[in-house]
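Chain residues, written in single-letter form:
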Amino acid sequence: MTDPDLLLAELRDRIAAHTRADLQTPIDGLLLARMESSDPDYSLTEPLLVVMAQGAKQLLLGDKVYEYRAGDVLIVTADLPVTGHFIEASPEQPSLGLGLVLRPATIAPLLLESTRPRTTPSGPAMATGPASPELLDAAARLLRLLDSPADIPVLAPMIEREILWRLLTGPHADVIRQIGLADSSLTHISRAIRWIRENYAEPMRIADLASLAGMSPAAFHRHFRAITALSPLQFQKRIRLQEARSLLASHPTDIAGIGHLVGYDSPSQFNREYRRLFGTPPGQDAARLRTTTPHLP
């Protein structure tokens, strides 16, 4: 079956039937999400393919806006701090989507089978566009396995490879290739991104990050902004504030302590920058965070 409308209808039904609060499924790397709110959300992504089955979403990365709707894909190739909101999502008409974690170890062997030129562009680590009927068909077959658990260990890896192959032979091939290439700009910059995410509260030196990425400071800064749409300092600040927001959900009264924990020596600066990003001061935001639902980017 390759009729896109019928495939999307099947994806909607199966996502609605199998979505859990934590997004997880019995298939490793497959996530399912149902969102009923259009409130803004702030998240730290990972390399991920998202197929939207119902609804629409806008994402802001730096000053770039990405929008994807039912029948579209979102491709994220690095750990990124993004702001987004589902468009007109409601309990009566929720947004439904599936996510598949993009793993270098799975993508790299497929590159050996591809005959496409091995370009290594340094472009944004995010892309959107229509899903091909073949990709939707593979996604539907992956979801069918949730009703046949005994088939998952054998068939799920095969269908995952097929989905990745569809991406590698489609219009976003160059974006996906960067994940599997050991010498791509994305791979080098991802080392620095990983360091910032793991050491966000520590002082950051551009020269050290550039050395970690194997680049000169000027080249590092240029490639980092091209991939993330943010400067390294802006990226670190977003990571700090989004980590603080996550911590506030479980420690809503320790605002000063959380600010210090994520790297702010000045409580007033923490409050000011938190409000600038999230629209409300941390104390007011904490109560709402306890009811936040996990979501895909």
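For the structure itself, consult the block above.
Residues numbered from 1 in each chain as written. Predicted model: local features only at pLDDT ≥ 70, side-chain atom pairs only at ≥ 80, totals over all residues. Heavy atoms only, no water.

Undergrad: Describe empty space enclosed by the protein, listing the residues and the values that go with them.
TA: One pass over the structure, following the stated rule, counts 1 cavity of 30 Å³ or more. Of the pockets and cavities examined, the largest cavity occupies roughly 60 Å³. Looking at the largest cavity, the residues that line it are A33, M35, V50, M52, Y68, F86, S95, L96, G97, L296 and P297. Of all the secondary-structure elements, those providing two or more residues to the lining of the largest cavity are β1 (30-35), β3 (48-54) and β8 (95-101). Top contributing element to the lining of the largest cavity by residue count: β8, with 3 residues. Taken together, the residues of the lining of the largest cavity sort by class into 9 nonpolar, 2 polar and no charged. (1 Å grid on protein atoms, 1.4 Å probe; cavity = no way out; pocket = protein on both sides within 12 Å on 5 of 7 lines; lining within 4 Å. Points joined across faces, edges and corners; volume = space filled by probe spheres on them. Helix = DSSP H or I, 4+ residues; strand = E, 2+ residues; numbered from the N terminus. Nonpolar A, V, L, I, M, F, W, Y, C, P; charged D, E, K, R; others polar.)

Undergrad: Could you give an account of the pattern of salt bridges, naming the residues involved and the relevant values?
TA: Inspection of the entire model under this criterion finds 16 salt bridges. E36 is the partner of R34 in a salt bridge, and the nearest nitrogen-oxygen pair spans 2.8 Å. Judged by its relative accessible area of 31%, R34 falls in the partly exposed class. R103 is the salt-bridge partner of E160, the closest N and O atoms lying 3.2 Å from each other. You can see E160 sitting in helix α4 (residues 152-168) and its partner R103 sitting in the loop between β8 and α2 (104-111), a full 57 residues away along the chain. A residue is classified by how much of its surface remains accessible, and E160, at 10% relative accessible area, is buried. Here R103 falls in the partly exposed class, since its relative accessible area comes to 23%. Salt bridges sharing partners connect three or more residues here, namely E10, R14, R144 and D147. (Salt bridge = Lys/Arg side-chain N within 4 Å of Asp/Glu carboxyl O. Buried < 20%, exposed > 50% of the residue type's maximum accessible area, 1.4 Å probe, protein only.)

Undergrad: Provide a residue-level description of the sheet that holds β3, including the pertinent values.
TA: Read from one edge to the other, the open sheet built from 5 strands follows the order β1-β8-β3-β6-β9, with strand pairing classed as antiparallel. One side of each edge strand has no neighbouring strand; the edge strands of this open sheet are β1 and β9 (126-130). Neighbour-to-neighbour, the strand axes of the sheet open up by a mean angle of 20°, direction not taken into account. Of the pairings in the sheet, the one linking β1 to β8 comprises 6 bridges and is antiparallel in character. (Pairing = 2+ DSSP bridges. Axes fitted to C-alpha atoms, helices over the stretch in contact; angles between N-to-C directions.)

Undergrad: Which residues make up the packing of helix α8 (residues 217-228) against helix α9 (residues 232-248), and what are the values?
TA: Direction vectors running N to C along α8 and α9 enclose 50°, while the axes themselves pass 9 Å from each other. Regarding the angle of α8 to α9, the classification is oblique. Contact with α8, carried on its side by F220, H221, F224, R225 and T228, involves P232, Q234 and F235 of α9 and no other residues of that element. Within the contact of α8 with α9, the residues separate by chemical class into 4 nonpolar, 3 polar and 1 charged. (Parallel < 35°, antiparallel > 145°, perpendicular 65-115°, else oblique. Contact = heavy atoms within 4.5 Å.)

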